[in-house]
Amino acid sequence: MDRHAPSRALLGTQLFAQVENTRVLMVGAGGIGCELLKNLAMLGFGHIELVDLDTIDVTNLNRQFLFQRQHVSQSKAHVARESALRFNRNITIISHHGNIKDPQFDLAWFKSFNLVFNALDNLDARRHVNLMCVAGKVPLIDAGTAGYSGQSTIIQPGVTECYDCHPKPTPKTFPVCTIRSTPSAPIHCIVWAKNFMFPQLFGEDEDEGDANLVNDTTNAKQVQELVREAQALRELKRSAGLPGFAERVFVKIYRHDIERLLSMEGLWQMRQKPVPLDVEALVAAANELRDPLADETAHCRVRTIEETTKVFLQSTAALAKRYAASGPQSFDKDDDAAMAFVSAAANLRCHVYHIALKSFFEIKSMAGNIVPIVATTNGVVAGLMVLHALQVLEGRVLETTTDLLTAPPAAQHLVSRPNQVLARDKLFPPVSSCAVCARAYVQVAVDTASTTLGDLLEAIVDAFSVLPVDNVTVLEGARMLYDPDFDDNLGRTLADLNVPSHHAFLLVDAYDQDDQLVQPLSVYIQKSGKKGVEILGNVPQLWTKPAPPKVQDAPIAGGDELDDEVVMAVDDDDEDIIMTESSAAGNETGHVGRTRR
Amino acid sequence: MAPDHKTQKYDRQLRLWHAHGQAALEKAHVCLVNGTATGTEALKNLVLPGVGAFTVIDAAKVSPDDVGNNFFVTRAHLGQPRAKVVTALLQELNDDVLGHYIDSDITPFVAAHPRYFDRFSLVLVTGHVPAATLLALDRVCWPRGIPLLVVKTCGFVSTLRIVTRAHHIVESHPDTPVRDLRLADPFPELVAFVDTFKPFDDMTSAELTHVPYPVILLHLWREWRAQNQDTPAREFRKYVQAEKDRHAARLTEAALKSLDANQSDTAVASAAASAADMENWDEALKQAFLAYTPTSVPRNVKDVLEHAILDMSANADSADEHAPVTNNSVVANPVANVTAGCAWPPTFWALCAALKSFVAEHGRLPVRGSVPDMKADTATYVSLQRVYRDKAAADAADLHARARAIAVPVVATSTPTASSASLSRSSSVGPSPATSPGMAAADAASTTAPALQIEAATNIDLATVTEFARHAATLHVLSTPSLHDEYARAHPQWTRALNDDPGMLSIYVVLRAREVFYARQRRWPGAHAADADADTARLRSAARDVVKALVAGGGNALVMEAAEGGADAHAEAGIATPVAPVVDVDDWVQECVRAGPAELAAVAGYMGGVIAQEAIKLITAQYVPMMNTYVYDGIHSKSEVLKA
């Protein structure tokens, strides 16, 4: 019996044959991923590979239907594969439990697919897949959902805009002083608890964090105070796991630190002064209480200060014990102890600063950047993705669109603009200034141990005649490797220079003799055992055009530029985190802002 | 220490519809007619978030086509009852959900057991169902107030029609948050609060830069209006700007003066800096229009307050159309069903009657009681919040009293103690001296016994009323025509589109034409590939008839009459044809014949999402569902909402 008879009938023999012979990659096996895998399997896609680094969490079960309770904490990729195969054995599904940025997923691997689907929930991984697809000229369908809204877009490299053509909204950041000394809103206290207190107490030891503060703060005395405060905390951390630790932290951060801040008169001229907690009384009262978390119905209301103190002491002790036993911890919104700590620590601080307290539920939303997600929207979006894929296979891309699904929440909206249920946007050509689309890409195979930068440069300049040998700049990320005035590295091997050989690009920028701008080139280094430099595939033609009046040679997108230090910044509203769902194939750095220089 | 498993599992969706929305979902019982790919997808999207129960009604046996387009069924299920198979597989997805199935065809079932549908909160029909059966379901669901969702799919195209008699929404979650400050019509307590501030000219820099903007606006408006009675209100903004500039200059000057007085540099710098930081005044400038824009009762709320249910005569009218039974006990059941699984208590309409009388007396809606974030010092902001909160509480208490009063006569007439005693007797005893229009309406509603009626609110608690009052500005009621109405009536709103550019209306036409085809041929078009050309011609002719019926009415006859064996010509002759636009539907006719009864998994997945999304909006009574026919074209990724 032919399981794909309906598909064959509806798609027609020709398109169906294409579908059967198409190799597709799905990045992310979460909410959208589960739906997508089902659709791809049903339609008859013959070869599907999926990558996801996540394991299954209980909060996934309300929508990720390929997973059930017994699968919790197993690999999403593997379980999704097994569940899908239970229903359809006639297709090939290969699952990878790993980070899409791992070296094994190199450019050659990406290029082995006819079509890539992004079903990811974080900016960093989405941008990485986008870069690899543009570099490898593989069509990409990118999608995301948030609440009742969602979207699916076709990215046809060189033809349409890519994911990076428009800068993504930068997450909101807060001045460090606001977070550390003068909070005035609940979010400030939550950021303090999650991004400062939690890592300080239970995270990796780090000293450079304080250096960042200096850049941000104009008041030198305040900075000194903050540095001293952090040092004292590090002292204290050495006793993590010992009895009385939680109480000592409590006294330090809600009495001593506040008292020290109060001593800085200048801070409080225009502000209401914080009031240190009556720590002894609260600890005594808390000791009388039973576990307040036992009552889950209270998650939606604001707990009393005594209850909150109890939660703080309990969770601090639990986390410290974990730290002592198994080393540095990182915040995870679905980790009960971590969430309990952040909610209690934030609320106690709110209390100190006369800020309205929030319920556990609300704090979890704000701290976890939790986007509301439902099965329905994922179903809609995954359906669109497959229909988009068919359009790509049929070569109908130019007439397709970004489909934006908005289920309008208000009737006025609906009645006046009824078509909004599925809004279509035109696909636009790449933005000329896009750091990803503007570049030409070439892949070279080198033996990094023996090939020098000079060898490589020579081979490149030979291959690209428009590149003027005396006017070329080579960068790796933001690191300058070579320019006409800096040739120290030419004799060093790539291995010696620490040039990574996967998903990193050397950026070659140049002006020719007549001050014409030459198309910037990204060189992808493929490690090979053979001596010499071999250019793989076709050599792209580089365009030239008159240089813009202002010279702008700021380093632009490579792969890893998001890995900057993260300090005291978070987004607190949905605006900043639109269109995300499904699964994490990378770290959630997309939600966190960076220090401004 | 761990939160209960439901809160955890449903964490991400609770952020969309909250605990009470979840409770409504968990109380709901959804009926799916036909376990098709689309129906299964939709049900899957309701089972995962935790709908209380579902029942699949389907007589089909699992066919190779099902295995081909429905992810949940496999070869091993071939030949088994489809209702049983999909129920078992869907049930596996969530052990909090109860699944039932009825291995029976909908057509005889609905005819034999109309009362069976009383238990459902929502009925979803998918697959190829004859229009006559759809209309029979409509006759069952409409008077009971059960939302009926009808999905028609053919290859890459699909439509979803929502049929709901009076769906009310308290929490519509508007895009932009509701701001309710009453600056143009301030209540006395607000005025009193503003009066506690000293004149701006006497304020220090710290004070002036922390006055909340509502206070600035109310204050300046009074000053300005006293001097400029004939100036158009929009000129007010200029005055706010001028005052801001004047105070800024004054404060900077003061800051410089303190420099002469030998103050420390930092103090001067900070004084100068805060003088420049007049964010609260900028907010006042931005919101200046609030000072002269009175808070009106929005259109959506007027629609609710003017709804037929709250109106005696309209109530009597609607009562005889669909609810011939005036026996008290029969009426009681449907009312229970209207609200089954609904997040809001059956007292919704009593609350609306109370709100109507509140608005009639005060000329305004209750104050919402929340204050947006603004630049202000904490103490002042908290006091301002309290002013609004107290007013909101007072308004809610007022509304509460009205709601309880309104309920009395309803209870008097519908309590079982009245039993078989005449309704007129109990209603004559009922009303208390404080009769309001709402009370009269409620009273009349109970005596005429419409299917939808105002339910008792005597015991309603203040918390519920408060929550209702908070949402008073965003109430909605959604009334669509019944399916019978849609088929029988002429659609003048579409005549122009049919003549000029039918667009996606042509998909609607062809899907309706399939039903006419079925009524004439007793099978669906394209089911036999050999008949392709003949089917195309027949379907085209049926489409012409549907277009005529859309212009002139009588479309219900097209799908009924043929049941007596009527031919095409017969049907055509039966319809008056004043203007019969020629609509080119050939592409879709061919597509329909080509696709036959097959479903495509991706389209089923897409529509399953859309359907479940609307179903959840209906069940939770949150967010505003689309109005009322959704047309999707998967070939061009297009969609449109048509108003039947």
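Keep in mind it's a predicted model, so treat the numbers as computed, not measured.

Novice: Can you tell me about the overall build of chain A, naming the residues and giving the values?
Specialist: Scanning chain A from N- to C-terminus turns up 18 helices and 15 strands. Here chain A, with 597 residues, has 59% of them falling under the buried criterion. A separation threshold of at least 6 residues defines the contact pool for chain A, and within that pool the share at least 24 residues apart is 72%. A total accessible area of about 23400 Å² is found for chain A, and carbon and sulfur atoms account for 50% of it.

Novice: Can you break down the overall build of chain B residue by residue, with the values?
Specialist: Per the secondary structure count, chain B includes 29 helices and 10 strands. Taken over 644 residues, chain B has a buried fraction of 58%. Considering only contacts within chain B whose residues lie at least 6 apart along the sequence, 76% involve residues at least 24 apart. Put simply, chain B shows about 24400 Å² of open surface, and 55% of that area lies on carbon and sulfur atoms.

Novice: Any chance you could break down the sheet that holds strand S10 (residues 638-642) of chain B for me, citing the residues and the numbers?
Specialist: All names here are of chain B. Read from one edge to the other, the open sheet built from eight strands follows the order S3-S2-S1-S4-S5-S6-S9-S10, with strand pairing classed as mixed. Either end of the sheet is taken by a strand with one partner, and the two such strands are strand S3 (98-102) and S10. The average angle at which neighbouring strand axes cross in this sheet is 15°, direction not considered. Together, strand S1 (29-33), strand S2 (53-57), strand S4 (122-125) and strand S5 (148-154) form the strand contacts of helix H3 (residues 37-47), whose direction differs from that of S1 by roughly 170°.

Novice: Mind laying out the interface of chain A and chain B, listing which residues take part and the relevant values?
Specialist: Many descriptions give the size of an interface as the accessible area lost when the pieces come together. With 77 residues of chain A in contact, the opposing surface of chain B contributes 78 residues. Carbon and sulfur atoms supply 62% of the area that chain A and chain B bury against each other, a total of about 6900 Å² over both sides. For the pair chain A and chain B, the interface holds two salt bridges. Its salt-bridge partner being Lys-44 of chain B, residue Glu-35 of chain A comes within 2.6 Å of it at the nearest N-O pair. Viewed at the interface, chain B and chain A are joined by seven residue pairs in polar contact (both at pLDDT 80 or more). Looking at the side of chain A that touches chain B, the elements with two or more residues in it are helix H1 (5-11), helix H3 (31-43), helix H4 (76-87), helix H14 (336-352), helix H15 (360-367), helix H16 (375-393), strand S7 (401-406) and helix H17 (411-416) of chain A. At 12 residues, the largest contribution of residues to the side of chain A that touches chain B is made by H16 of chain A. Split by residue class, the side of chain A that touches chain B holds 40 nonpolar, 21 polar and 16 charged.

Novice: Kindly report on the UniProt feature "domain: Ubiquitin-activating enzyme SCCH" (unreviewed entry) in chain A, identifying the contributing residues and their values.
Specialist: The positions that UniProt labels "domain: Ubiquitin-activating enzyme SCCH" (unreviewed entry) are, in the present scheme, residues 302-364 of chain A. Annotation note: span residues 302-364 of chain A, helix share 70%, strand share 0%, distance between end C-alpha atoms 13 Å.

Novice: How would you summarise the packing of aromatic side chains if you had to cite specific residues and measurements?
Specialist: What the rule picks out here adds up to 31 aromatic pairs over all chains. When the centroid spacing of 5.6 Å and the interplanar angle of 40° are considered together, the rings of Trp-221 of chain B and Trp-224 of chain B count as tilted. With Trp-221 of chain B and Trp-224 of chain B both in helix H10 (residues 213-227) and three residues apart, the pair spans about one turn of that helix. As far as burial versus exposure is concerned, Trp-221 of chain B and Trp-224 of chain B are alike and both buried. In textbook terms, an aromatic cluster arises when at least three aromatic residues are bridged by ring pairs, as seen for Trp-192, Phe-198, Phe-202, Phe-250, Tyr-254, Phe-312, Phe-331 and Phe-341 of chain A. Sitting over the ring of Phe-113 of chain A, Arg-23 of chain A keeps its end group 5.1 Å from the ring centre.

Novice: Please give an account of the environment of Met-560 of chain B that cites residues and values.
Specialist: Residue and element names in this part refer to chain B. The topology assignment puts Met-560 in helix H26 (residues 555-561). Sequence-wise, Met-560 and Gln-241 are 319 residues apart; in three dimensions their C-alpha atoms are separated by 70 Å. Apart from residues lying up to four places away in sequence, Met-560 is in contact with Ala-132 and Leu-135.

Novice: Please give an account of the confidence of the model for chain A that cites residues and values.
Specialist: Residues and elements named next belong to chain A. Across chain A, the average pLDDT comes to 78, with 80% of residues at or above 70. Looking across chain A, the model is least confident in H17, with a mean pLDDT of 20, and most confident in strand S1 (residues 23-27), with 97. Every residue in residues 207-218 is under pLDDT 50, and counting partners more than four places away or in other chains gives 17 contacts. Low pLDDT, under 50, characterises residues 403-420; the stretch is placed with 59 contacts to residues that sit more than four places away or in other chains.

Novice: Give a description of unusual backbone geometry that names residues and reports values.
Specialist: The omega torsion across Met-627 of chain B and Asn-628 of chain B is -10°, close enough to zero to call that bond cis. Within the fold, Asn-628 of chain B resides in the loop between helix H29 (601-620) and strand S9 (629-633). The phi dihedral of Lys-137 of chain A is positive, around 55°, even though this residue is not glycine. Considering the arrangement of structural elements, one finds Lys-137 of chain A in the loop between helix H6 (123-136) and strand S5 (140-146). The exposure class assigned to Lys-137 of chain A is exposed, which follows from its relative accessible area of 63%. Its identity is not glycine, yet Asn-34 of chain B carries a phi of approximately 80°, on the positive side. With respect to the secondary-structure elements, Asn-34 of chain B resides in the loop between S1 and H3.

Novice: Go over the environment of Gln-104 of chain A with me, naming the residues and quoting the values.
Specialist: All names here are of chain A. By secondary structure assignment, the location of Gln-104 is in the loop between strand S3 (92-97) and helix H5 (107-111). In this structure, the C-alpha to C-alpha distance between Gln-104 and Ala-286, residues 182 residues apart in sequence, is 52 Å. Contacts of Gln-104, omitting those with residues within four sequence positions, involve His-96 and Trp-109.

Novice: Run through the domain arrangement of chain B, naming residues and quoting values.
Specialist: For chain B, the assigned domains read domain 1 (5-173 + 600-642), domain 2 (188-291), domain 3 (297-310 + 344-408 + 458-478) and domain 4 (483-566 + 576-595). For domain 3 of chain B versus domain 4 of chain B, the distance between C-alpha centres works out to 47 Å.

Novice: Residue-level account of the nonpolar core, with values.
Specialist: Ranked by internal contacts, the top residues of the largest apolar core, which has 166 residues, are Phe-117 of chain A together with Phe-117 and Val-123 of chain B. Excluding its chain neighbours within four sequence positions, the residues that come into contact with Val-123 of chain B are Cys-31, Val-33, Phe-117, Leu-137, Cys-141, Ile-146, Pro-147, Leu-148 and Leu-149 of chain B. One finds Phe-250, Val-283, Leu-293 and Leu-319 of chain A within the second-largest nonpolar core, a separate group that totals 57 residues.

Novice: Which residues make up the UniProt feature "binding site: Zn(2+)" (unreviewed entry) in chain A, and what are the values?
Specialist: Residue and element names in this part refer to chain A. UniProt's entry tags Cys-162, Cys-165, Cys-434 and Cys-437 with the feature "binding site: Zn(2+)" (unreviewed entry), counted in the numbering of this structure. A compact arrangement is adopted by the annotated residues: their sequence extent is 276 residues, whereas the largest C-alpha distance between any two is 8.4 Å. Among the structural elements, Cys-165 can be located in the loop between strand S6 (149-155) and helix H7 (176-180). Every residue in contact with Cys-165, bar those within four places of it in the chain, is listed here: Pro-430, Val-431, Cys-434 and Cys-437. Of note, Cys-434 is situated in the loop between strand S8 (423-426) and strand S9 (440-446). With residues up to four places along the chain from it excluded, the contact list for Cys-434 reads Cys-162, Asp-164 and Cys-165.

Novice: Which residues make up helix H18 (residues 453-463) of chain A, and what are the values?
Specialist: Residues three or four positions apart in an α-helix share a direction because the helix packs 3.6 residues into each turn. All names here are of chain A. By the burial criterion, the buried members of H18 are Leu-453, Gly-454, Leu-456, Leu-457, Ile-460 and Val-461. For H18, the angular spread of the buried residues around the axis is 160°, confining them to a single face. When the buried face of H18 is taken as reference, the exposed residues oriented beyond 90 degrees from it are Glu-458 and Asp-462.

Novice: Which residues make up the pairing of S5 of chain B, and what are the values?
Specialist: All names here are of chain B. Most of S5 sits out of view: seven of its seven residues are buried. A two-sided burial pattern is seen for S5, the buried positions comprising Leu-148, Val-150, Lys-152 and Cys-154 on one face and Leu-149, Val-151 and Thr-153 on the other. Two strands pair when backbone bridges link them, and S4 and S5 are joined in this way by three bridges, in the parallel orientation. The residue bridging Val-125 from the neighbouring strand is Val-150, located in S5. The β-α-β motif built from S4, the intervening helix H7 (residues 131-144) and the parallel element S5 has right-handed crossover chirality. One ladder, built from seven bridges, connects S5 with strand S6 (residues 157-163); its direction is antiparallel. Residue Leu-148 lies in a different strand from S6, and its bridge partner there is Val-163. In sequence, S5 turns back onto S6 through a hairpin of two residues, with Gly-155 there showing a positive phi of about 60°.

Novice: Give me the pattern of salt bridges: which residues, what numbers.
Specialist: One pass over the full model with this rule turns up 49 salt bridges over all chains. A salt bridge links Glu-361 of chain B to Arg-402 of chain B, with the nearest nitrogen and oxygen atoms 2.8 Å apart. Of the two residues, Glu-361 of chain B is situated in helix H17 (residues 348-362) and Arg-402 of chain B in helix H18 (residues 378-414); the sequence distance between them amounts to 41 residues. For Glu-361 of chain B, a relative accessible area of 55% translates into the label exposed. A relative accessible area of 14% places Arg-402 of chain B in the buried class. Within this structure, Glu-35 and Lys-38 of chain A together with Glu-41 and Lys-44 of chain B form a network of salt bridges that share partners.

Novice: I'd like a description of the environment of Leu-122 of chain B, backed by residues and values.
Specialist: Residue and element names in this part refer to chain B. The topology assignment puts Leu-122 in strand S4. Separated by 475 residues in sequence, Leu-122 and Pro-597 have C-alpha atoms that sit 25 Å apart. Setting aside residues up to four positions removed in sequence, Leu-122 forms contacts with His-29, Val-30, Cys-31, Ile-146, Pro-147, Leu-149, Ala-615, Leu-618 and Ile-619.

About the criteria used
- Along each chain, numbering runs from 1 in the same order as the chain's sequence is written.
- Written order determines the labels here, with chains lettered from A and ligands numbered from 1.
- Per-residue local features are limited, in this predicted model, to residues with pLDDT of at least 70; the limit for side-chain atom pairs, both in listing and counting, is 80 or more; totals at the level of whole chains, interfaces and linings are taken over all residues.
- By convention in this description, side-chain values take in all heavy atoms of the structure and omit both hydrogens and water.
- The way it works is that DSSP assigns letters per residue, a run of H or I at least four long becomes a helix, a run of E at least two long becomes a strand, and they are numbered from the N terminus.
- Buried means the residue's accessible area, taken with a 1.4 Å probe over protein chains only, is under 20% of the maximum for its type, while exposed means over 50%, and partly exposed covers the values in between.
- Note on contacts: a residue pair is in contact if any heavy atoms of the two residues lie within 4.5 Å.
- Only the protein chains shown count as cover for residues, with accessible areas throughout obtained via the Shrake-Rupley method and a probe of 1.4 Å.
- For two strands to be treated as a pair, DSSP must find no fewer than two bridges joining them.
- As a rule, the C-alpha atoms of each element are fitted with a line to give its axis, helices using only the stretch in contact, and angles between N-to-C directions run from 0 to 180 degrees.
- Here the quantity called buried area is the accessible surface, traced with a 1.4 Å probe, that two parts lose on coming together, added over both.
- Note on definitions: salt bridges are taken to be side-chain nitrogens of Lys or Arg within 4 Å of carboxyl oxygens of Asp or Glu.
- The term polar contact refers here to a pair of N or O atoms within 3.5 Å; inside protein, the definition further demands a hydrogen-donor-capable atom paired with an acceptor-capable atom, and it admits residues adjacent in sequence only when both atoms are side-chain atoms.
- Classes in brief: Ala, Val, Leu, Ile, Met, Phe, Trp, Tyr, Cys and Pro nonpolar; Asp, Glu, Lys and Arg charged; the others, Gly included, polar.
- UniProt positions are given in the numbering used here, feature names are shortened, and annotations may be inferred rather than shown by experiment.
- Geometry of aromatic contacts follows a simple scheme: Phe, Tyr and Trp rings, the Trp one being its six-membered ring, pair when their centres are within 6.5 Å, and the pair is stacked under 30 degrees between planes, edge-to-face over 60, tilted otherwise.
- Lysine NZ or arginine CZ positioned within 6 Å of the ring centre and within 35 degrees of the ring normal marks a charge as sitting over the ring.
- pLDDT runs from 0 to 100 and stands for how confident the predictor is about each residue.
- Residue ranges assigned to each domain were obtained from an automatic or database domain assignment.
- Only buried Ala, Val, Leu, Ile, Met, Phe, Trp, Tyr and Cys residues count toward a nonpolar core, and they belong to the same one when joined by side-chain atoms within 4.5 Å.
- Each direction from the helix axis to a C-beta atom contributes to the arc, which is the arc of those directions.
- The crossover handedness rule: strands pointing away from the viewer, path from first strand over the helix to second strand clockwise, crossover right-handed.

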